Amino acid sequence: MNIKELDNQYVMATYGRFPVAIVSGKGSLLYDDEGKEYIDMGSGIAVNIFGACDESWAKAVSEQLFRVQHTSNLYYTEPCAKLAQLLCQKTGMKKVFFGNSGAEANECMIKAARRWSHEKYGDGRYTIITLKNSFHGRTITTLAATGQDKMHTDFMPFTEGFVYADPEVPGSVRKLAEENNCCAVMIEVVQGEGGVNTLSQAFIDEIKEVAASKDLLLLVDEVQTGNGRTGAMYAYMNVGLQPDIISTAKGLGGGLPIGATLFSEKTQNALVSGTHGSTFGGNPACAAGACNIVERIDEELLAGVRERSEYIIRELTGAEGVKSVTGMGLMLGIDTVKPAAEVVAACREKGVLVLTAKTKVRLLPPLNIPMEQLKKAVTVIKEVLK
Ligand SMILES: *Cc1c(COP(=O)(O)O)cnc(C)c1O
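Residues numbered from 1 in each chain as written. Predicted model: local features only at pLDDT ≥ 70, side-chain atom pairs only at ≥ 80, totals over all residues. Heavy atoms only, no water.

Chemist: Quick question: what am I supposed to make of the domain arrangement of the protein chain here?
Modeler: Interfaces are frequently sized by the accessible area removed from exposure as the parts join. Per the domain assignment, the segments of the protein chain are domain 1 (3–53 + 300–385) and domain 2 (57–296). Each of domain 1 and domain 2 was reduced to a C-alpha centroid, and the two centroids are 26 Å apart. Surface buried jointly by domain 1 and domain 2 totals about 2300 Å² across both partners, of which 62% is contributed by carbon and sulfur atoms. It is Met328, Met331 and Lys358 that lose the most area in domain 1 upon contact with domain 2, and together they represent 32% of the buried surface on that side. At the boundary of domain 1 with domain 2, the tally comes to 1 salt bridge. Measuring nitrogen to oxygen at the nearest pair gives 2.9 Å for the salt bridge that ties Arg362 to Glu193. (Domains from an automatic or database assignment. Buried area = accessible area lost by both parts, 1.4 Å probe. Salt bridge = Lys/Arg side-chain N within 4 Å of Asp/Glu carboxyl O.)

Chemist: Please explain the site of the ligand as it appears in this structure.
Modeler: Near the ligand you find Ser101, Gly102, Ala103, Asn106, Phe135, His136, Gly137, Glu188, Asp221, Val223, Gln224 and Lys250, and these make up its full shell. The contact in question runs from an oxygen atom of the ligand to an N or O atom on the backbone of Ala103, over 2.8 Å. Between the ligand and the protein, one listed contact pairs an oxygen atom with a side-chain N or O atom of Gln224 at 2.8 Å. When isolated, the ligand has an accessible area of 390 Å², and the protein chains bury 81% of it. With 3 residues, the single largest contributor to the shell around the ligand is helix 5 (residues 102–121). (Near = heavy atom within 4 Å. Polar contact = N/O pair within 3.5 Å; in protein donor to acceptor, adjacent residues only side chain to side chain. Areas by Shrake-Rupley, 256 points an atom, 1.4 Å probe, with all protein chains shown as cover. Helix = DSSP H or I, 4+ residues; strand = E, 2+ residues; numbered from the N terminus.)

Chemist: Got a minute to help me understand the environment of Leu29 in this structure?
Modeler: Locating Leu29 in the fold gives a position in strand 2 (residues 29–32). Residue Leu29 is classed as buried on the basis of its relative accessible area, which comes to 15%. Residues Leu29 and Leu217, spaced 188 residues apart in sequence, show a C-alpha to C-alpha distance of 41 Å. The contact partners of Leu29, leaving out residues within four places of it in the chain, are Glu37, Tyr38, Ile39 and Gln373. (Buried < 20%, exposed > 50% of the residue type's maximum accessible area, 1.4 Å probe, protein only. Contact = heavy atoms within 4.5 Å.)

Chemist: In this structure, what is going on with the pattern of salt bridges? I would like to understand it.
Modeler: In a structure, side chains of opposite charge can pair up when their charged atoms sit close to one another. Scanning the entire structure with this criterion turns up 15 salt bridges. Across the pair Lys266 and Asp215 runs a salt bridge, and its minimum N-O distance is 3.0 Å. One end of the pair, Lys266, is in the loop between strand 12 (259–263) and helix 9 (284–296); the other, Asp215, is in the loop between helix 8 (201–214) and strand 10 (217–221), with 51 residues separating them in the sequence. When its relative accessible area of 15% is taken as the criterion, Asp215 is described as buried.

Chemist: Explain the sheet that holds strand 1 (residues 22–26) to me, please; I cannot follow it from the model alone.
Modeler: Two pairing modes exist for strands in a sheet, parallel and antiparallel, and in both the strands are linked by backbone hydrogen bonds. Pairing is mixed across the open sheet formed by 4 strands, whose spatial order is 1-2-3-15. The open sheet has two edge strands with one neighbour each: strand 1 and strand 15 (352–353). For strand 3 (residues 37–40) and strand 15, the ladder comprises 2 bridges, and the chain directions are parallel. Bridging across to strand 15, Asp40 finds its partner in Leu353. (Pairing = 2+ DSSP bridges.)

Chemist: What should I look at first to understand the nonpolar core in this one?
Modeler: Side chains of nonpolar character tend, in soluble globular proteins, to be buried together. Ile129, Val189 and Ile381 are the most contacted members of the largest nonpolar core, which has 89 residues in total. Each of domain 1 (3–53 + 300–385) and domain 2 (57–296) contributes no fewer than three residues to this core. Apart from residues lying up to four places away in sequence, Val189 is in contact with Asn197, Thr198, Leu199, Val220, Ala235, Tyr236, Val239, Leu241 and Met328. By size, the runner-up hydrophobic cluster in this structure holds 24 residues, among which are Met109, Met151, Phe158 and Ala270. (Core = buried A, V, L, I, M, F, W, Y, C linked by side-chain atoms within 4.5 Å.)

See the structure below:
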């Protein structure tokens, strides 16, 4: 059996896979089992921020693998401690909890917000306002946090305590905060899976005002937007927000599974010994790779992200077959005249891998994609969209 047949027979069929088996990659180029080359405009969904098999990252990971690959959280390890310090230095946050994924980072954020509120205000004040069209993960609780009705079927009962504000409706956060006993508001600055929708500044200002007046914690899900993706270290930095807790994952590990939840001065004691844990959390090999990644997200890289972003937006805005371009940095959505799935398939035929988000075509290229490859990819995309 070839790779596709084996997978179809033995792997649980939860993914609608594209008919491509990737066997290797280098930077922003990927190769399939027939030797076909692709320009990668998806980064494994915003994960490989320095592309495939980045040498500096691979060296950091493999050196750690030859020291010790795992110890459990019963012991101190250097990569975990160093990574926490780096993340705090880059954000001004005070403490970090490590898990393995975006969903786990969000679970931690939700647990911490509830516990913080319970310590300060007692029972009952646990409801979290999230947003329509949000996406926060696939566990029962993060699905409940996800503001999409189609995610709230099949697995009843879901975790209670989530209500959904509509970013298109001014005043909806205030209304929910008044009607419910809330502890927090949880947002993505740019909704990724929900269709690459950037929250309006007016809506963000409303969230800030309501959170301040009701002492609600501001929880920012930076799982997709984080780690340089939007042209800032974290997307909240682009819009004048000061989160109380941040969750991140995807790009943080450069391709290995790691998630992190970052706590501000106000929330730094929200979790104490025995209240949370994760066997693999802060795993030395993943953390050594993540240290390498986070150290390299500097002003030069971020300027490159903004430059590439401006190039894509300039090329695609008003191009034939394009209704609009949304998003921030190298997290862009294209509302296309042709169905997005058709565009993805046609681009793939021509050697360019792009993604979808709801009805849009979504671009999440490596943050350091060479301009020459980016130009080739954009030329193919424009050709296909006509
Ligand atoms: C991908 C994503 C998640 C879930 O991350 P996993 O690592 O798949 O659990 C959560 N929130 C946002 C915004 C995401 O994009």
